[in-house]
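# Structural features, examined
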Amino acid sequence: MRLRIFHRRSEPSVSRTRTGAAWVGIALFSVVLLLLLIFILENGHQVDVTYFGFHGHVPLGIALLLAAVFGVLLIAIPGTARILQLRRAATFSSLEEGSTTAAPREPTDETSEIDSGKAGPPSLP
């Protein structure tokens, strides 16, 4: 069995930038949009949709896409409200803790020995 050792190239590495990340994001987003467009075009059959007394004829692809979007909103809206609630609670608790903190204590002989590294083991009473 031969052991292979991989050497790093001596070329300088290029750091990642926001522009590069945005480019990758836009490329992935355009692929997703293309797949959605293909989905909608392949499912163009008209279906009857009834919702709270409203009746209409919509292509199947659009109806399924709208159902998925409403499902995401059904989860995202309460989730966002909960995140905001937790942030507000964390802000209030940090404000309360900040106002009740005591002033820093003056160092004693024991703490100065500990800081200097000369302190021995703790003594028992």
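Residues numbered from 1 in each chain as written. Predicted model: local features only at pLDDT ≥ 70, side-chain atom pairs only at ≥ 80, totals over all residues. Heavy atoms only, no water.

## Some thoughts on the overall build of the protein
Tallying secondary structure elements over the protein gives 3 helices and 2 strands in all. Counting from the amino terminus, helix and strand elements in the protein follow one another as α-β-β-α-α. Scored against the burial criterion, the 125 residues of the protein give a buried share of 2%. Total accessible area computed for the protein in this model is approximately 12,500 Å², and 66% of it derives from carbon and sulfur atoms. (Helix = DSSP H or I, 4+ residues; strand = E, 2+ residues; numbered from the N terminus. Buried < 20%, exposed > 50% of the residue type's maximum accessible area, 1.4 Å probe, protein only. Areas by Shrake-Rupley, 256 points an atom, 1.4 Å probe, with all protein chains shown as cover.)

## Let's talk about the packing of aromatic side chains
What the rule picks out here adds up to 1 aromatic pair. Ring geometry for Tyr51 versus Phe52: centroids 4.6 Å apart, planes at 70°, classification edge-to-face. For the residue pair Tyr51 and Phe52, the accessibility class agrees, reading exposed in each case. (Phe/Tyr/Trp six-rings, centres within 6.5 Å; stacked < 30°, edge-to-face > 60°.)

## As for the side chain of Asn43
As for its position among the elements, Asn43 is in the loop between helix H1 (18-42) and strand S1 (46-51). By relative accessible area, Asn43 is classed as buried at 19%.

## What about unusual backbone geometry?
In this structure, Phe52 takes a positive phi of about 50° despite not being glycine. Mapped onto the elements of the fold, Phe52 is located in the loop between S1 and strand S2 (54-59).

## Regarding the pairing of S1
Sparse coverage of S1 is indicated by the burial of 0 of its 6 residues. In the sheet, S1 pairs with S2 via 6 bridges, with the strands oriented antiparallel. Considered in S2, the bridge of Thr50 is made with His55. From the end of S1 to the start of S2, which pair antiparallel, there are 2 residues, and Phe52 there has a positive phi angle of about 50°. (Pairing = 2+ DSSP bridges.)

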